[in-house]
Number of protein chains: 4
Amino acid sequence: MTELAAAKAALKTQAVETPSWAYGNSGTRFKVFAQEGVPRTPFEKLDDAAKVHEFTGVAPTVALHIPWDKVDDYAALAKHAEQRGVKLGAINSNTFQDDAYKLGSICHPEASVRRKAVDHLLECVDIMDATGSADLKLWFADGTNYPGQDDIRGRQDRLAEGLAEVYERLGDGQRMLLEYKFFEPAFYTTDVPDWGTAYAHCLKLGPKAQVVVDTGHHAPGTNIEFIVATLLREGKLGGFDFNSRFYADDDLMVGAADPFQLFRIMYEVVRGGGFSSEVAFMLDQCHNIEAKIPAIIRSVMNVQEATAKALLVDGDALDAAQRAGDVLEANAVVMDAYNTDVRPLLREVREEMGLDPEPLAAYRRSGWGERIVAERVGGQQAGWGA
Amino acid sequence: MTELAAAKAALKTQAVETPSWAYGNSGTRFKVFAQEGVPRTPFEKLDDAAKVHEFTGVAPTVALHIPWDKVDDYAALAKHAEQRGVKLGAINSNTFQDDAYKLGSICHPEASVRRKAVDHLLECVDIMDATGSADLKLWFADGTNYPGQDDIRGRQDRLAEGLAEVYERLGDGQRMLLEYKFFEPAFYTTDVPDWGTAYAHCLKLGPKAQVVVDTGHHAPGTNIEFIVATLLREGKLGGFDFNSRFYADDDLMVGAADPFQLFRIMYEVVRGGGFSSEVAFMLDQCHNIEAKIPAIIRSVMNVQEATAKALLVDGDALDAAQRAGDVLEANAVVMDAYNTDVRPLLREVREEMGLDPEPLAAYRRSGWGERIVAERVGGQQAGWGA
Amino acid sequence: MTELAAAKAALKTQAVETPSWAYGNSGTRFKVFAQEGVPRTPFEKLDDAAKVHEFTGVAPTVALHIPWDKVDDYAALAKHAEQRGVKLGAINSNTFQDDAYKLGSICHPEASVRRKAVDHLLECVDIMDATGSADLKLWFADGTNYPGQDDIRGRQDRLAEGLAEVYERLGDGQRMLLEYKFFEPAFYTTDVPDWGTAYAHCLKLGPKAQVVVDTGHHAPGTNIEFIVATLLREGKLGGFDFNSRFYADDDLMVGAADPFQLFRIMYEVVRGGGFSSEVAFMLDQCHNIEAKIPAIIRSVMNVQEATAKALLVDGDALDAAQRAGDVLEANAVVMDAYNTDVRPLLREVREEMGLDPEPLAAYRRSGWGERIVAERVGGQQAGWGA
Amino acid sequence: MTELAAAKAALKTQAVETPSWAYGNSGTRFKVFAQEGVPRTPFEKLDDAAKVHEFTGVAPTVALHIPWDKVDDYAALAKHAEQRGVKLGAINSNTFQDDAYKLGSICHPEASVRRKAVDHLLECVDIMDATGSADLKLWFADGTNYPGQDDIRGRQDRLAEGLAEVYERLGDGQRMLLEYKFFEPAFYTTDVPDWGTAYAHCLKLGPKAQVVVDTGHHAPGTNIEFIVATLLREGKLGGFDFNSRFYADDDLMVGAADPFQLFRIMYEVVRGGGFSSEVAFMLDQCHNIEAKIPAIIRSVMNVQEATAKALLVDGDALDAAQRAGDVLEANAVVMDAYNTDVRPLLREVREEMGLDPEPLAAYRRSGWGERIVAERVGGQQAGWGA
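What you see is a predicted model, and the numbers here were worked out from it, not measured in a lab. (Residues numbered from 1 in each chain as written. Chains lettered and ligands numbered in written order. Predicted model: local features only at pLDDT ≥ 70, side-chain atom pairs only at ≥ 80, totals over all residues. Heavy atoms only, no water.)

The subject of this paragraph is helix H4 (residues 111-131) of chain A. Helical geometry: 3.6 residues make up each α-helical turn, so side chains three or four residues apart lie on a common side. All names here are of chain A. Taking 1.5 Å per residue, 21 residues should reach 30 Å; H4 reaches 30 Å between its end C-alpha atoms and fits that length. Within H4 the residues assigned to the buried category are Val 113, Arg 114, Ala 117, Val 118, His 120, Leu 121, Leu 122, Cys 124, Val 125, Ile 127, Met 128 and Thr 131. Its buried side turned inward, H4 meets helix H3 (74-83), strand E3 (87-92), strand E4 (135-138), helix H5 (152-169) and strand E6 (175-179). Directly beyond the C-terminal end of H4, a positive phi value near 80° is found at Gly 132. (Helix = DSSP H or I, 4+ residues; strand = E, 2+ residues; numbered from the N terminus. Expected span 1.5 Å × (residues − 1). Buried < 20%, exposed > 50% of the residue type's maximum accessible area, 1.4 Å probe, protein only. Contact = heavy atoms within 4.5 Å.)

The next thing to look at is the relation of the copies chain C and chain B. Of the transformation superimposing chain C on chain B, the axial component is 0.0 Å and the angular component is 180°, with the fit at an RMSD of 0.0 Å. Overall, the copies show the geometry of a two-fold rotation axis. Proximity to the rotation axis, assessed at the C-alpha, singles out Gly 196 of chain C in chain C; its C-alpha lies 2.0 Å from the axis. Most of the interface of chain C is mirrored in chain B: 100% of its interface residues are interface residues there too. (Least-squares fit on C-alpha atoms with pLDDT ≥ 70 in both.)

Trans peptide bonds make up the majority, and among non-glycine residues the majority have a negative phi. Following Ile 66 of chain B, the chain continues into Pro 67 of chain B via a peptide bond in cis, with omega recorded as 20°. In this fold, Pro 67 of chain B is placed in the loop between strand E2 (61-65) and helix H3 (74-83). Of note, the bond from Glu 184 of chain B into Pro 185 of chain B is cis; its omega dihedral lies within 30 degrees of zero at 10°. The phi dihedral of Asp 251 of chain A falls on the positive side, at around 60°, and the residue is not glycine. Positionally, Asp 251 of chain A belongs in the loop between strand E9 (237-242) and helix H8 (259-271). We note that Glu 184 of chain C has phi near 80°; this positive angle belongs to a residue other than glycine. With respect to the helices and strands, Glu 184 of chain C occurs in the loop between strand E6 (175-179) and strand E7 (189-190).

Attention now goes to the interface of chain D and chain A. Often, the extent of an interface is quoted as the loss of accessible area upon association of its parts. Listed per partner, the contact involves 52 residues of chain D and 52 residues of chain A. The contact between chain D and chain A buries some 4400 Å² in all, and 58% of this surface belongs to carbon and sulfur atoms. Of all residues in chain D, the largest losses of buried area upon contact with chain A belong to Arg 153, Phe 226 and Arg 233 of chain D, amounting jointly to 17% of the total for that side. Scanning the region where chain D abuts chain A turns up 6 salt bridges. A salt bridge links Arg 271 of chain D to Asp 151 of chain A; its shortest N-O distance comes to 2.5 Å. Summed over the shared surface of chain D and chain A, the number is 21 residue pairs in polar contact (both at pLDDT 80 or more). Sort the elements by how many residues they give to the side of chain D that touches chain A and helix H6 (residues 195-205) of chain D lands first, with 8 residues. Taken together, the residues that form the side of chain D that touches chain A break down as 23 nonpolar, 16 polar and 13 charged. (Buried area = accessible area lost by both parts, 1.4 Å probe. Salt bridge = Lys/Arg side-chain N within 4 Å of Asp/Glu carboxyl O. Polar contact = N/O pair within 3.5 Å; in protein donor to acceptor, adjacent residues only side chain to side chain. Nonpolar A, V, L, I, M, F, W, Y, C, P; charged D, E, K, R; others polar.)

Regions with low pLDDT should not have their predicted coordinates read in detail. Per-residue pLDDT for chain A has a mean of 97; in total, 99% of the residues score no lower than 70. In the predicted assembly, ipTM is 0.97 and pTM is 0.98. (pLDDT = per-residue confidence, 0-100.)

Taken together, the contacts link 52 residues of chain C with 52 residues of chain B. Buried surface at the junction of chain C and chain B, both sides included, amounts to about 4400 Å², of which 58% is carbon and sulfur. By the criterion of area lost to chain B, the three top residues of chain C are Arg 153, Phe 226 and Arg 233 of chain C, representing 17% of everything that side buries. If you look at where chain C meets chain B, you find 6 salt bridges. Summed over the shared surface of chain C and chain B, the number is 21 residue pairs in polar contact (both at pLDDT 80 or more). Elements with a contribution of two residues or more to the side of chain C that touches chain B: helix H5 (152-169), E7, helix H6 (195-205), helix H7 (224-233), helix H8 (259-271), helix H10 (315-323) and helix H11 (327-339) of chain C. When residues in the side of chain C that touches chain B are grouped by element, the largest group, 8 residues, is from H6 of chain C. Per-class residue counts for the side of chain C that touches chain B are 23 nonpolar, 16 polar and 13 charged.

All right, on to the sheet that holds E2 of chain B then. Sheets are built from strands that pair by backbone hydrogen bonding, the pairs being arranged parallel or antiparallel. Residue and element names in this part refer to chain B. Sheet architecture is open: 8 strands sit in the order E1-E2-E3-E4-E6-E8-E9-E10, paired in parallel fashion. Strands with a single pairing partner mark the edges of an open sheet, and in this sheet they are strand E1 (18-19) and strand E10 (280-283). Against the sheet, helix H5 (residues 152-169) makes contact with strand E4 (135-138), strand E6 (175-179) and strand E8 (209-214), and its axis sits at roughly 150° relative to E6, the strand it touches most. Most of the contacts of helix H8 (residues 259-271) go to strand E9 (residues 237-242), to which it runs at about 160°, and overall it touches E9 and E10. (Pairing = 2+ DSSP bridges. Axes fitted to C-alpha atoms, helices over the stretch in contact; angles between N-to-C directions.)

The following block contains the structure:
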């Protein structure tokens with residue numbers, strides 16, 4: 001198989017999970033600008049997510065967020081998804097919106113609040129059992145705003161204890177994906193602020209615990225692809241939450257702010273064998289001002305383009321230049337792949353998959369956008385409920 | 001008058017304006033944790049602000065935010081304030097929460113939206129006339145999230161045009177204070193992102209337009225005291241929005257994150273004559289998890305302590321060391337002032353002003369906190385309404 | 001003329017100035033790794049620079065740095081350049097390497113040191129008269145390392161005074177280009193730390209004073225293209241010092257760290273009319289570990305590619321999408337241009353200019369690299385002399 | 001024993017190691033400003049270090065840097081130190097200044113260069129055997145400047161292999177302290193960029209391998225005290241390289257840029273039991289423009305002051321406030337300690353130790369500064385040799 005054929009084959013098997021909450025309203029602390037046609041229920045979110053998969057062919061699963069996507073009958077929800085051609089993906093917990101969590105959840109100084117938080121996480125595993133989801137994605141808003149507010153080390157002890165209880169509950173084939181975040185909503189300490197902290201906890205928990213890299217959760221200037229390479233080398237990269245940022249956790253469309261960085265990340269994924277392993281590629285974005293479904297289609301395409309470029313890096317030439325210590329040539333090999341316009345290749349891939357080569361145009365022609373605006377009238381639009 | 005006596009005299013005349021919105025609920029995009037006893041009306045906000053002044057003696061004015069503090073009768077509001085011992089301060093505009101402002105306000109591509117925004121600003125000047133406020137504080141959330149979304153330069157033209165119309169409307173003794181902010185809620189471009197942009201606009205507008213330095217609105221590592229010194233030298237420092245931050249615009253209590261920076265800023269204010277000029281010292285903070293009134297009292301005290309230390313810098317010794325090029329000695333003179341425990345001095349100042357030397361303890365003893373929890377039941381708590 | 005033809009025409013007239021010092025050795029505070037074949041004299045630097053122009057066709061001028069490029073006979077130097085097909089460009093001053101400048105140069109507390117610094121700047125204007133250079137490029141290492149070390153405001157007064165004297169000395173057709181830098185080598189304050197400071201000084205000096213944007217001299221996260229758009233709007237953008245950075249002032253090859261940013265900058269240049277005005281496009285880089293001449297050729301090509309993409313942005317489509325408030329479409333128009341592989345276009349441009357379409361390959365075939373290694377034996381290699 | 005007495009006792013046993021290289025010349029890539037009286041030999045560096053200990057009483061050891069401090073007879077060097085009242089401390093390796101290391105040392109693509117680097121590290125252990133030093137401090141300048149330059153993951157493999165060989169060589173009572181650094185001198189990837197990477201390697205190496213926290217080696221905004229607390233909790237904090245920074249690795253006097261941060265770090269050290277364990281407190285600074293010996297005395301005093309404040313935090317009150325979820329009170333307890341002027345306490349401590357209460361004044365009166373300027377004439381001043 002030629003290199004190009006191999007790249008095409010890889011691109012056809014790519015899977016990008018889209019998040020249910022990205023189909024709902026979101027915003028900043030200053031304002032949530034509601035959009036017309038936004039889903040009112042988890043079922044409608046799945047309808048939208050199915051459209052993204054229909055036109056891209058590589059977005060077969062949908063992440064849920066509990067309690068935003070809480071339903072009485074998860075089997076019915078899973079069936080609804082399957083009828084539309086998608087499946088339920090990772091279960092995302094929420095331990096930051098109950099009034100009890102003002103000073104933390106799993107790391108809270110009071111045992112009763114920690115109990116409540118752990119119970120919620122255990123409930124999420126119950127939901128995984130019901131939906132058949134393999135991954136429990138944990139992001140904790142826990143932290144402190146002021147020096148002295150709480151005991152940094154004590155909070156780590158509590159975190160370890162809570163995680164251990166949840167880890168024990170995981171069944172066969174279930175994973176715990178631990179996310180880290182530099183800051184926000186806590187402004188002095190965050191209890192899992194960096195990959196090192198997540199890694200140290202996962203290491204102690206065991207093989208079912210792995211780290212999630214959210215591309216917007218780092219200090220300014222952090223070399224994310226280095227972290228990706230390191231976690232893959234350690235066998236601890238569980239997946240990605242893709243989005244992009246210019247400043248903090250801006251949650252813009254992935255690839256919008258720094259497409260070269262996204263390419264470098266995908267190159268390390270390919271290099272480290274992550275593309276054919278259990279690494280989960282998920283989006284976690286907020287489409288505050290742009291139309292949501294097209295933005296998600298665009299995001300999926302951005303991931304595809306970065307992946308295609310990463311797959312086109314001439315490995316032999318790169319290896320030779322690196323061994324020779326030829327800095328300029330080694331860099332040139334990588335840049336040659338990056339500078340390639342891979343859109344024609346992806347059009348071919350889509351046509352070979354029986355898809356329209358232009359997902360956004362096809363979506364627009366489908367009339368779905370107009371239909372949901374017309375039909376989804378009344379009711380309570382989905383959002384974060386902050 | 002001795003140096004110490006001069007410092008005391010200065011501290012007694014200090015005035016820190018507190019913001020009405022800090023007495024209401026606030027939060028992050030993830031959650032607003034409501035607090036008991038929070039005001040329901042602008043009148044109740046003034047009641048709380050009056051308590052801060054009662055116990056600190058240096059918080060005589062209260063900034064309003066329109067429309068959050070919109071009332072039918074501003075004269076009644078001003079009278080209510082005066083009856084409690086405080087006055088109405090700066091009028092803060094809001095052009096970021098109407099649905100029309102999704103893509104901007106005064107910089108919006110559509111003329112009709114710009115008209116709406118400018119009309120709001122003109123209305124704020126009307127309110128200033130009614131309340132007797134001298135300052136119109138302008139912060140614009142305007143900007144873009146994605147490259148290409150709008151024309152950077154065109155937005156500057158629109159900004160200039162809108163500001164000019166409002167400037168013309170200002171009466172005698174009225175100022176326009178233009179705030180800049182690095183990012184948030186816009187994540188690619190912000191239309192007034194730095195002091196340079198604010199300065200350039202103010203320069204063209206005229207002497208009634210001045211720059212506001214919000215201490216949380218800078219890029220990482222920015223030397224804020226340099227900006228303060230520069231703006232004072234240019235005669236363009238209109239005032240401060242004080243708060244503190246570890247990461248982005250965290251809006252923590254001023255002096256909580258980097259008290260040494262606050263001291264350095266206050267030193268440049270003293271050095272540049274800003275302490276006895278028209279520079280407005282305002283707080284702009286969010287007390288998301290801590291009790292609001294005590295947090296504001298604490299913030300006012302933090303400003304006092306930084307000011308006291310700045311006033312204690314031995315100017316002659318510093319000047320001598322600087323002229324001699326004695327780096328260590330010059331630094332030592334500044335550090336000597338900073339390392340001084342000025343709390344005893346401030347206790348004296350308060351006693352000489354007829355106040356309790358310990359404002360927080362006195363406030364706690366007053367029972368106000370318990371009273372508002374008991375009395376402010378029902379109704380709609382004040383907040384940002386995001 | 002079609003859009004493509006217009007882009008080609010523009011690309012043929014592009015001029016990128018290369019810096020003499022980039023051909024010599026450079027390094028970090030930890031180590032300068034000397035390279036074989038590095039020039040020993042300003043004449044040899046010009047020989048190398050001429051090669052860059054020979055193969056790219058768009059690097060017709062060479063910036064000098066005084067005293068690194070001090071010679072007895074500048075007319076001879078200029079003639080040497082012309083014989084090789086290039087011309088002398090901007091004169092760069094150096095007020096940071098004399099022992100007297102430990103605490104500053106033009107901002108130094110002692111008048112005698114300031115005199116020395118201003119005299120050097122005046123000497124640079126003399127050299128401009130001799131070489132026919134139009135631009136005096138000023139970068140000051142001035143600043144302080146410790147709070148209190150010197151008076152921030154006093155240093156601004158001294159800066160203004162020194163600049164004014166030099167400005168007065170400028171002849172017709174001569175400009176003063178004032179560079180700003182966030183930090184380094186000063187670590188607490190820098191006397192011209194941001195574009196606002198440079199702009200404020202240039203404004204007072206007059207029309208011959210303009211601001212230089214060095215792409216590596218900003219705080220983390222700074223939106224450089226916004227500054228470019230703003231300075232062009234104000235008529236105060238004098239030029240660029242191009243390079244790239246991941247962290248601080250890394251001085252890597254331009255376009256190597258964030259090619260998308262370079263494209264966005266070039267787009268604002270095109271948008272603001274800077275491409276056809278007197279804006280100077282200069283490189284200012286350090287090739288610490290890579291071969292210098294090919295690195296500079298590569299850098300020139302990177303600027304060309306970013307420019308080509310910027311010229312290809314469909315202005316009408318962009319304008320329509322912006323007016324319609326179509327965030328995704330407006331972004332897509334810009335991304336379409338960015339994602340285009342412009343290398344074939346640039347090969348055409350070069351062939352039409354009578355050049356080899358592949359400058360790096362042609363340079364390698366020329367044998368110049370081997371020749372200078374063989375011939376430049378003995379003597380003192382050029383470097384920064386730090 | 002009262003709390004104050006306990007604090008005093010702790011302060012008397014504190015030990016801060018000073019680095020031999022801080023007594024020599026240092027600078028930036030732009031210029032090294034040589035100072036009069038700087039040592040010419042390792043012996044003279046020890047003479048200066050002994051003065052710091054003589055006047056502070058808490059700087060009993062001196063770190064060496066190989067090859068900068070290479071001597072023929074380490075026993076003689078150790079004896080020289082002892083005769084002056086100090087001892088030799090950590091041995092610091094240098095794998096960044098040989099011409100072979102242009103593309104790395106222990107991570108270099110070529111085996112021969114890696115061999116050379118590992119041999120140097122083994123030689124450093126030999127020197128430890130000769131000097132009786134317990135700690136091998138490893139900082140690697142290894143990294144890359146350009147994407148693609150070398151294989152990120154392959155470099156980690158080489159790093160692990162080299163460290164393992166050195167680890168095996170360690171004797172009883174000897175440790176390997178692995179330092180991490182965000183960037184510089186490498187500008188794209190650094191092979192040990194963060195605590196997570198250092199931790200992961202140390203974990204695999206074994207109990208003799210521990211992490212060093214250099215307070216200037218983090219991304220902007222990083223919460224260093226969190227890392228300190230975490231490493232102490234993991235039993236992997238080997239020590240500190242103290243210095244301070246406003247921007248990057250500025251290497252200013254510790255406590256000069258953010259004294260509140262230093263206090264928070266020392267509080268976590270005290271909290272985590274690090275103050276009475278084997279955690280090494282070392283300085284690693286550059287006194288580029290200030291007098292070196294007084295700057296180091298000042299730095300030692302700054303560490304003492306931060307330690308004293310940390311020791312004065314009222315643990316019971318803090319614990320009570322934290323348990324009660326009283327954010328403001330918990331913060332107030334910490335701030336009370338920080339706002340205390342501990343200089344009188346430290347004067348007492350010094351007097352009880354038989355020292356002059358004012359180390360800087362005593363040093364100045366000693367005439368040592370003038371003596372070394374007069375005596376150390378001729379020869380080659382010590383420096384970094386970059």
